[in-house]
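Here's the letter readout for the chains.
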Amino acid sequence: MKSHTGIYALLTLVFLSSTCFAQNAPAKETWSPELHVSVYDYAKVSPELLAAAEMQVHRIFRQAGVETVWRNCSENIQPAGCHVIGSTYFVLKILPRAMGAEVRDRADVLGTATLDEKGLGYYGYVFYDRIQRMSEERRLASTLLGHVFAHEIGHLVLRSNSHSISGIMSGRWAGEELRTISEGAMFFMPHESKVLRDRLLSVALKPARPFVVETPVGIGNGK
Ligand SMILES: [Zn+2]
């Protein structure tokens, strides 16, 4: 059985090398659609850990050809866009512990995404006590948190509650999957990446609705 120290050493090595690869990779010619994520942190995660988890999300979605725009909406002064939800705008809530009967009694559930019967949904939830416990056991630090974020956002954009046999949308993360996560090698499957890009692009390319500006009283122009 491998020791945690061994896994930790490997994590550092592979993470550094993958960072180098990302920097040296040729710029993609195709335009990457944007995915907006508003994060509400009710678990008081440290800013450093949250920023590191955000980097993981950014890296995972960039590999799928999607750029993420992250908003920390827990601050007193919220950045613009925190109250927008829509086809490319999603909300992630970090809860201190699982709530809701269907997940509270299942200690193995790390997060959930709320989808209606048509597969539409904008809210994902992650359960920080469970993620923190598993991260400490496996020495995964912010990595696991970032991967759970990406998984739940994946459900929302893919509009599906179903799971894949492997990759970030697999439904059960045990030894093999956690090792892949620690190596920074868990991503969306190619067909999932295509659906993510196509879905976000189809929304982004729709003609914008007419922008309505109300004419101030007294400056009416007769239209
Ligand atoms: Zn899932």
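Read on for an overview of the structure. (Residues numbered from 1 in each chain as written. Predicted model: local features only at pLDDT ≥ 70, side-chain atom pairs only at ≥ 80, totals over all residues. Heavy atoms only, no water.)

1. Looking at the layout of surface pockets
Rolled over the atoms, a probe as big as a water molecule pinpoints where empty space is left. This is how it is decided: Cavities and pockets were defined on a 1 Å grid built over protein atoms only: a cavity is a set of grid points that admits a 1.4 Å probe from which the probe cannot escape, a pocket is an open set flanked by protein on both sides within 12 Å along at least five of seven lines, and lining residues are those with an atom within 4 Å of any such point. Grid points are joined across faces, edges and corners, and a volume is the space filled by probe spheres set on the points. Helix numbers and strand numbers start at the N terminus; a helix is a DSSP run of H or I with at least 4 residues, a strand a run of E with at least 2. When residues are sorted by character, Ala, Val, Leu, Ile, Met, Phe, Trp, Tyr, Cys and Pro go into the nonpolar class, Asp, Glu, Lys and Arg into the charged class, and all the rest, Gly among them, into the polar class.
The volume enclosed by the second largest pocket comes to roughly 520 Å³. What lines the second largest pocket is a set of 20 residues, among which Asp-108, Val-109, Leu-110, Gly-111 and Gly-171 lie closest to the centre. Those elements giving two or more residues to the lining of the second largest pocket turn out to be α3 (101-104), β4 (111-114) and α5 (141-158). Here the lining of the second largest pocket is built from residues that sort into seven nonpolar, eight polar and five charged.

2. A closer look at the state of the cysteines
Stated precisely, the cut-off is as follows: Any pair of cysteine sulfurs within 2.5 Å is marked as a disulfide.
Within the structure shown, the criterion is met by one disulfide. Each disulfide pairs two cysteine sulfurs, and for Cys-73 the partner residue is Cys-82, the sulfurs being separated by 2.0 Å. Every disulfide takes its handedness from the sign of the S-S torsion; for Cys-73 and Cys-82 that torsion is -95 degrees, giving left-handed.

3. Regarding the pattern of salt bridges
As a reminder, the rule being used: Salt bridges are defined by distance alone: a side-chain nitrogen of Lys or Arg within 4 Å of a carboxyl oxygen of Asp or Glu. Summary of the burial criterion: residues with accessible area below 20% of their type's maximum are buried, those above 50% are exposed, and those between are partly exposed, where the area comes from a 1.4 Å probe applied to protein chains only.
The tally for this structure, following the rule as stated, stands at four salt bridges. Here Asp-108 and Arg-106 are joined by a salt bridge, their closest N and O atoms 3.4 Å apart. Looking at Asp-108, the relative accessible area reads 44%, which means it is partly exposed. Owing to a relative accessible area of 45%, Arg-106 belongs among the partly exposed residues under this scheme. The salt bridge partner of Arg-179 is Glu-176, with a shortest N-O separation of 3.0 Å. With Arg-179 and Glu-176 both in helix α6 (residues 175-182) and three residues apart, this pair spans about one turn of that helix.

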